[in-house]
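Each chain is listed here by its residues.
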Amino acid sequence: MSSLEEVEIVKPIENIHPDNLQRVHKDVVIHVFRQLVEHSHPSKGKGDVTTTVHAFAHSRVEWLHKVVPELETLAEKYHIGNFVAIRGTNQRFFESMPIYARLGMHLLFYGKEQVKLLEGNKLVEDTLREQSIHQGKIYDSPESAKNIPSFIKMYNIQLDELLEPDIHKYHTFNEFFSRRLKPGARPVENVDNPRGFCSAADCRLVVYQTISLAEKFWIKGDEFSIPSLLGLGPTDPVCEALSGGSLAIFRLAPADYHRFHSPVDGRVLTEHRDIPGEYYTVNPQAVNEPNLDVFTRNKRSVLLLEHEVSKKPIAIVAVGALLVGSIVWTYNNEIKRGDEVGYFAYGGSTVITVFPPGLIEFDKDLALNSTGKSVAANGQGSIETLVKVGYSLGKIPDTVE
């Protein structure tokens, strides 16, 4: 079964913390997490990614449940994951959470108290960092190519849209993970309208017209701000230009095409700037946690563009995450909508675009899903929308010259 499950939800969706795995000590979870990463090497996992970090939280991985039998009980009691809306319909699907993300959140929320966050716990942070780096090294090894067939089958990846559809020509797993698509595979909608914007990634998307709306509906961490996201001082001219602006948050799942693209026509203002940080999961449950600032604490890299029409600055922030090996930029100085600007090595991650206030009017369906006001949201709060590179994101409002 893939992560895009067509299931009848008869069990509640798990509230990740506080007590569902309270009897499982963090040292056991750290051990299991390390073993999951080790099993992603074909010498241990025999090329079967369903027994590694790719396994879903409901998967029956025999060796894993022997060590942490509570995981099987948890999966029997709850659906572990979140809903995503299908664009152009009122439908939604349930996306199962990878087991590594579920364990990673347990390390963050571990404790008998109702909410005991281990933000700042050196053992946990060091573990997430070292295993993320280790995962990248495993998937850069020639042996890792043996995992590619199993990965394709698990996620039902379509090969006919790839620039190189012959999987035997990928020398490592990460080469396949950062695969390129054929020219024209992701056409830009409304490409002839210079006032338009497009999706930056194949992803699950939320959009917010203002920073305050994003903080109300999605980013619950109490330290989030544009200066902290960009790693700049509050009086920096870029921060002042983007203050109170609009956010588009593109979350990439492991199965997604992992190159990201420019949502705007423009030119590069400054070379990208890397910001060191943690390797927390970017799963919605972590982003929605009031006591955790994922986007401003994680490793990230910032590229500033000048928008061709308005001449205003726009920030593209590539956010690293749990088991993301690296962020690689590939941009040219002059950029058109839909042009590739970078890619992630293994792991689901996020791209955030920050627009100046009033520059973009997001498409209505995206805004309604993001604020939980759509049919697909079903009255249960904000919901991400499944989109691809080039899909319409919004436009400059008609009231703006």
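In this convention, every chain numbers its residues from 1, walking through the sequence in written order. Given that the model is predicted, a residue must reach a pLDDT of at least 70 before its local features are reported, and side-chain atom pairs must reach 80 or more before they are shown or counted; all residues, however, enter totals for whole chains, interfaces and linings. Side-chain numbers here rest on the full set of heavy atoms in the structure, without hydrogens or water.

Looking at the sheet that holds strand β17 (residues 392-395)
A pair of strands is considered paired only if DSSP assigns at least 2 bridges between the two. In this description a helix means any DSSP run of H or I spanning at least four residues, a strand means any run of E spanning at least two, and both kinds are numbered starting from the N terminus. Here we have 3 strands laid out as an open sheet, ordered β4-β17-β15, and antiparallel in their pairing. Of all the strands in the sheet, the pair left with one neighbour each is β4 (196-198) and β15 (361-362). Both β4 and β17 contribute to a ladder of 3 bridges, which runs antiparallel. Counted as the bridge partner of Phe-197 is Gly-394 from β17.

So, the nonpolar core
Nine residue types can take part in a nonpolar core, namely buried Ala, Val, Leu, Ile, Met, Phe, Trp, Tyr and Cys, and a core is a set of them joined through side-chain atoms within 4.5 Å. The buried label goes to any residue with under 20% of its type's maximum accessible area, the exposed label to any with over 50%, and the partly exposed label to all in between, with areas taken from a 1.4 Å probe on protein chains only. If you look at the biggest cluster of nonpolar residues, it comprises 118 residues, and the most contacted ones within it are Leu-230, Phe-295, Phe-355 and Leu-393. Top contributing element to this core by residue count: helix α5 (residues 99-109), with 8 residues. A contact between two residues is defined here by any heavy atoms of the two lying within 4.5 Å. Not counting chain neighbours up to four residues away, the residues in contact with Phe-355 comprise Phe-197, Leu-242, Gly-245, Ser-246, Ala-248, Val-264, Ile-314, Ile-360, Phe-362 and Leu-393. Core analysis: the next-biggest nonpolar cluster, separate from the first, contains 6 residues, Phe-83, Ala-85, Phe-94 and Ile-383 among them.

Some words on the confidence of the model for the protein chain
Per-residue confidence from the predictor is reported as pLDDT, a score between 0 and 100. This prediction gives the protein chain a mean pLDDT of 90; 94% of its residues lie at or above 70. For the stretch residues 111-120, pLDDT sits under 50, and the model shows 32 contacts to residues farther than four places along the chain or on other chains.

Re the packing of helix α1 (residues 26-39) against helix α6 (residues 122-139)
Note on method: axes are straight lines fitted to C-alpha atoms, helices fitted across the in-contact stretch only, with angles between N-to-C directions ranging 0 to 180 degrees. At a minimum axis distance of 10 Å, the contact between α1 and α6 shows a crossing angle of 10°. Compared by their axis directions, α1 and α6 come out roughly parallel. On α6, the residues that touch Lys-26, Asp-27, Ile-30, Phe-33, Arg-34, Val-37 and Glu-38 of α1 are Leu-123, Thr-127, Leu-128, Glu-130, Gln-131, His-134, Gln-135 and Ile-138. Residue type decides the class: Asp, Glu, Lys and Arg count as charged, Ala, Val, Leu, Ile, Met, Phe, Trp, Tyr, Cys and Pro as nonpolar, and the leftover types, Gly among them, as polar. Across the contact of α1 with α6, the residue classes break down as 6 nonpolar, 4 polar and 5 charged. Orientation categories follow fixed angle ranges, with anything under 35 degrees roughly parallel, anything over 145 roughly antiparallel, 65 to 115 roughly perpendicular, and all other angles oblique.

Section: the packing of α1 against α5
One way to put it is that α1 packs onto α5 with a least axis distance of 10 Å and a crossing angle of 150°. Here α1 lies roughly antiparallel to α5, going by the angle between them. When the axes of α1 and α5 are compared, the crossing they make is left-handed. Across from Lys-26, Val-29, Ile-30, Val-32, Phe-33 and Leu-36 in α1, the residues of α5 making contact are Ile-99, Tyr-100, Leu-103, Gly-104, His-106 and Leu-107. Helix crossings fall into two classes, left-handed where the near helix is turned counterclockwise from the far one by less than a right angle and right-handed where it is turned clockwise.

Points about the environment of His-41
Mapped onto the fold, His-41 is located in the loop between α1 and α2 (42-45). Between the alpha carbons of His-41 and Leu-368 there is a distance of 42 Å; along the sequence they are 327 residues apart. Every residue in contact with His-41, bar those within four places of it in the chain, is listed here: Lys-46, Ile-138, Ser-141 and Glu-143.

A closer look at unusual backbone geometry
Note on backbone geometry: most residues besides glycine have negative phi, and most peptide bonds are trans. In this structure, Lys-311 is a non-glycine residue whose phi angle is positive, near 65°. Summarising the element assignment, Lys-311 is placed in the loop between β9 (300-307) and β10 (313-319). Positioned with a positive phi, Asn-378 is a non-glycine residue whose angle comes to about 60°. Along the chain, Asn-378 falls in the loop between α14 (364-370) and β16 (384-387). The class of Asn-378 is partly exposed, set by a relative accessible area of 46%.

Here we look at the packing of aromatic side chains
By convention here, two paired aromatic rings are described through the distance between centres and the angle between planes. Ring geometry is summarised as follows: Phe, Tyr and Trp rings, the Trp one being its six-membered ring, pair when their centres sit within 6.5 Å, and such pairs are stacked at plane angles under 30 degrees, edge-to-face over 60 and tilted between the two. Overall, the coordinates contain 18 aromatic pairs when judged by the stated rule. Considering the side-chain rings of Phe-151 and Phe-176, the 6.4 Å spacing of their centres and the 85° angle between planes classify their relative orientation as edge-to-face. Of this pair, Phe-151 sits in helix α7 (residues 148-155) while Phe-176 sits in helix α8 (residues 173-177); the two residues are 25 residues apart in sequence, bridging distant segments of the chain. The burial state of Phe-151 is the same as that of Phe-176; both residues are buried. When the centroid spacing of 6.4 Å and the interplanar angle of 5° are considered together, the rings of Tyr-208 and Phe-217 count as stacked. The exposure class assigned to Tyr-208 is buried, which follows from its relative accessible area of 1%. Put simply, a charge is over a ring when the Lys NZ or the Arg CZ is close to the ring centre, within 6 Å, and near the line of the ring normal, within 35 degrees. Sitting over the ring of Phe-83, Arg-92 keeps its end group 3.6 Å from the ring centre. Its guanidinium or amino end placed over the ring of Phe-176, Arg-179 lies 4.7 Å from that ring's centre, counting from NZ or CZ.

Structural notes on α1
For a helix, the expected span equals 1.5 Å multiplied by the residue count minus one. For α1, which comprises 14 residues, the first-to-last C-alpha distance of 20 Å matches the rise-based estimate of 20 Å (1.5 Å per residue) to within 8%. Residues of α1 that are buried: Lys-26, Val-29, Ile-30, Val-32, Phe-33, Leu-36, Val-37 and His-39.

So, the side chain of Gln-131
Summarising the element assignment, Gln-131 is placed in helix α6. Residue classification places Gln-131 among the buried residues on the basis of a relative accessible area of 7%. Other than its neighbours up to four places away in sequence, Gln-131 contacts Phe-33, Arg-34, Val-37 and Leu-323.

Focus: the sheet that holds strand β11 (residues 327-329)
Pairing in this open sheet of 3 strands is antiparallel, and the strands run β7-β13-β11 from one edge to the other. Each edge of the open sheet is held by one strand with a lone partner, namely β7 (259-261) and β11. Averaged over all neighbouring strand pairs, the angle between strand axes comes to 25°, with direction disregarded. Relative to strand β13 (residues 340-344), β7 runs antiparallel, the two sharing 3 bridges. Considered in β13, the bridge of Phe-260 is made with Gly-342.

Topic: empty space enclosed by the protein
Residues are called lining when one of their atoms sits within 4 Å of a cavity or pocket point, these points coming from a 1 Å grid over the protein atoms alone, where a cavity is a set in which a 1.4 Å probe fits but cannot get out and a pocket is an open set with protein on both sides within 12 Å along at least five of seven lines. Grid points are joined across faces, edges and corners, and a volume is the space filled by probe spheres set on the points. A full pass over the atoms with the stated rule returns 4 cavities of 30 Å³ or more. In this structure, the largest cavity occupies an estimated 210 Å³ of space. For the largest cavity, the lining is made up of 20 residues, of which Pro-98, Arg-251, Ala-253, Pro-254 and Asn-283 are closest to its centre. Counting only elements with at least two residues in the lining of the largest cavity, the list comes to β3 (92-96), α5 and β6 (246-252). Class assignment for the residues of the lining of the largest cavity results in 12 nonpolar, 6 polar and 2 charged.

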